[in-house]
Amino acid sequence: MGQEENTQTKVDKLVAWCKSQGTQVDPNLSFEYSFEKGISTLYTPTSEQLASGNEIDVQLKIPRKIIISSANAREYFFGLVPGFNWSQFESRHLLTAYLAFKLGDPESTNDPYLDLLPKAEEIRSPLIYNEDELSLLRGTNLFKGTQVVLSQIKREHKEFVNATRSVLQRTISFQHYLWGFLVLYSRSFPLRLVEKGCDPAEVMLVPLLDFMNHKPLTKVTWSFDGNSFGVSSQIKLENGSTKYEVYNNYGPKGNEELLMAYGFVIPGNEFDILQLAINWKQLNSVLQGVDIHKWGIKKIYHSSDLTYNVIQSGSNEEKPSASSNSNGDSEEDAFFICNRDHPIPEGMIPLFSFVSRRDDEDGLTLRNVLNGINSVRESIDIRFKGQLNVIPKKTDNIAHINYENCKIYREGQLELYNMTKHALKEKEKGLLKQDRAYLITFKDVLKKYAEGFQNLVAMFDFISSLSQEFYQEILVQVWILKTVNEHYDYSESSSIPFKASWIVDEFKRLQQSKYEPEKDETLCDIYIETIGKALEQQELKNTLFKGEHWDIESFLLAGAVSEQNRYLKGSKRDIILIAPLRIDEIQ
């Protein structure tokens with residue numbers, strides 16, 4: 001008997017057993033196996049249904065008594081060793097061990113459900129990839145996620161084996177335990193669907209129903225009448241087909257979660273996400289007492305909320321706040337979620353802007369918002385730039401389907417990365433255009449506001465070959481010092497340019513706060529070789545250096561004005577000075 005025929009016999013055996021236990025199957029529903037698609041749930045409409053062309057709700061009801069949960073596992077193990085404390089294990093761990101223990105039992109072939117469950121390698125999760133296949137994920141979030149999950153599974157397996165070695169006749173191998181984990185990971189349903197008020201972490205296996213494949217946006221309704229767990233899945237009769245596949249809907253899951261948990265991906269998945277990790281412990285200390293909800297942040301996600309959430313124990317239903325912590329390693333790992341609808345997650349720019357603020361700023365300003373955008377961009381680039389667009393070549397040690405799955409997953413991640421980068425650039429362009437009156441660019445310094453400045457510029461030609469960014473910094477610093485000296489004594493009734501008034505105000509603010517700029521040796525040497533020597537010449541002092549704030553302390557203070565009020569734009573890091581401007585809301 002060939003594999004396809006043998007598997008179909010097992011499918012028929014399971015269907016017959018489920019019906020004998022009270023499962024209600026629509027008479028037009030069938031479960032068919034093919035080598036290409038595995039097990040499919042198919043509906044054959046009547047001629048009347050086909051003629052109507054309407055949508056049909058296909059129903060399947062599974063009796064509660066054949067649903068497998070941790071209660072079955074406790075009963076089974078308690079039957080083996082009645083006096084042992086099986087309650088020491090968390091429900092999911094015990095259920096995983098139960099499946100693994102049953103797999104090693106020769107009698108399990110008599111169980112039509114267990115006998116039909118896929119082998120670990122058939123699930124095709126990265127958790128069972130070989131080293132060459134795992135390298136296909138290098139540079140993605142899933143690469144680290146796989147290692148994290150495997151480490152936890154190994155730890156759980158070791159704990160169970162060590163605790164039960166003296167009471168169980170057989171030791172569960174890690175491969176069997178991993179299989180049990182994968183079965184739960186890829187097939188389980190929340191137990192709360194049939195047991196209200198149970199621990200939210202509890203799961204269940206539902207024979208027959210869990211063979212239905214996933215299709216996003218399928219209209220699926222769950223129900224429980226006290227005796228049976230029912231599903232109603234809607235199909236559309238179209239294209240003149242004689243058979244229609246009936247799908248489950250796992251929810252809005254991106255390829256990262258689909259690949260990790262179920263071993264498949266969907267090309268162009270509209271629910272794909274890109275996770276941007278942030279150091280929660282460090283961020284939390286900055287946000288103490290801050291209401292992040294005012295920025296539209298409904299939740300800061302932690303490890304337990306994302307791709308490998310089933311490895312976490314307990315409930316994670318706390319109200320989000322800047323000071324709350326989740327279980328596990330969430331103090332070190334928190335995430336923002338980028339997706340197609342929101343390539344820039346709501347509240348991410350205000351949060352990064354807040355972190356970029358000066359000590360004397362109590363809210364969002366144009367300067368810290370632009371720097372917040374830069375911080376987001378730099379964080380994403382550090383994590384993903386040059387990582388997602390290159391996939392290792394396929395080797396003989398890599399299964400073709402695993403290669404294609406990883407390729408599609410990486411393409412989706414790269415698309416989201418580029419979408420986020422583009423959205424950040426557009427946000428930056430919009431702010432720079434909208435608030436142009438509050439900006440002074442380096443080009444402005446050299447051209448628009450360059451009156452009487454060119455002679456000073458010539459003094460610093462000798463450093464232009466060192467670094468363009470450093471050269472810009474020095475010239476902007478000198479221009480600020482010149483502006484301060486020209487307008488230092490202005491009054492509110494004075495008619496001076498706005499750009500000059502705020503520059504002088506910022507200089508005076510630092511003076512009055514007794515701010516002491518760092519006496520950088522290089523800057524001091526440059527001052528001495530240029531302005532310092534020029535001040536020794538009375539003629540230059542009377543023409544170029546009018547005013548009383550040309551001393552080295554004022555020069556360094558002008559540098560602090562630049563540093564505290566600037567934005568470095570683009571890869572060239574062009575300096576833009578930004579006047580103080582409060583922003584109440586970021587669109």
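Residues numbered from 1 in each chain as written. Predicted model: local features only at pLDDT ≥ 70, side-chain atom pairs only at ≥ 80, totals over all residues. Heavy atoms only, no water.

Caption draft 1: Structural detail: the sheet that holds strand S15 (residues 574–578). With respect to topology, 3 strands assemble into an open sheet ordered S13-S15-S14, the strand pairing being antiparallel. Looking at strand neighbours, the two that pair on one side only are strand S13 (439–441) and strand S14 (566–569), the edges of this open sheet. Each adjacent strand pair in this sheet contributes to an overall mean axis angle of 30°, direction not counted. Across 3 bridges, the pairing between S13 and S15 is antiparallel. Its bridge partner being in S15, Ile440 is matched across the sheet by Leu577. Its contacts with the sheet put helix H13 (residues 366–384) on S13, S14 and S15, and the angle it makes with S14 is roughly 35°. Sheet contacts for helix H17 (residues 468–487): S13, S14 and S15; angle to S15, the most-contacted strand, approximately 30°. (Pairing = 2+ DSSP bridges. Helix = DSSP H or I, 4+ residues; strand = E, 2+ residues; numbered from the N terminus. Axes fitted to C-alpha atoms, helices over the stretch in contact; angles between N-to-C directions. Contact = heavy atoms within 4.5 Å.)

Caption draft 2: Broad picture of the packing of helix H8 (residues 141–164) against helix H10 (residues 255–262). Between H8 and H10, whose axes approach to 11 Å, the crossing angle comes to 35°. In the packing of H8 onto H10, the handedness of the crossing is right-handed. Contact with H8, carried on its side by Asn141, Leu142, Gly145, Thr146 and Val149, involves Glu256, Leu259 and Met260 of H10 and no other residues of that element. Looking at the contact of H8 with H10 residue by residue, the classes come out as 4 nonpolar, 3 polar and 1 charged. (Left-handed = near helix turned anticlockwise from the far one by under 90°. Nonpolar A, V, L, I, M, F, W, Y, C, P; charged D, E, K, R; others polar.)

Caption draft 3: Representation of the packing of aromatic side chains. The tally for this structure, following the rule as stated, stands at 22 aromatic pairs. Between Tyr113 and Phe211, the aromatic rings sit 6.5 Å apart at their centres with planes inclined by 85°, giving edge-to-face as the arrangement. One end of the pair, Tyr113, is in helix H5 (residues 112–116); the other, Phe211, is in the loop between strand S6 (203–204) and strand S7 (220–224), and 98 residues separate them in sequence. Neither residue differs from the other here; Tyr113 and Phe211 are each classed as buried. Taking the centre distance of 5.3 Å and the plane angle of 40° together, the rings of Tyr527 and Phe555 count as tilted. Pair noted here: Tyr527 is in helix H19 (residues 521–535) and Phe555 is in helix H21 (residues 552–564), with a separation of 28 residues, a long-range link. Overall, the relative accessible area of 7% leaves Tyr527 in the buried class. Classification of Phe555 as buried rests on a relative accessible area of 0%. Ring pairs connect the aromatic residues Tyr76, Phe77, Phe84, Trp86, Phe89, Tyr98, Phe101 and Phe160, which therefore count as one cluster. Of note, Arg170 hangs over the ring of Phe101, and the distance from its end group to the ring centre comes to 3.9 Å. The aromatic ring of Phe211 is capped on one face by Arg187, whose charged end is 4.5 Å from the ring centroid. (Phe/Tyr/Trp six-rings, centres within 6.5 Å; stacked < 30°, edge-to-face > 60°. Buried < 20%, exposed > 50% of the residue type's maximum accessible area, 1.4 Å probe, protein only. Lys NZ or Arg CZ within 6 Å of the ring centre and 35° of its normal.)

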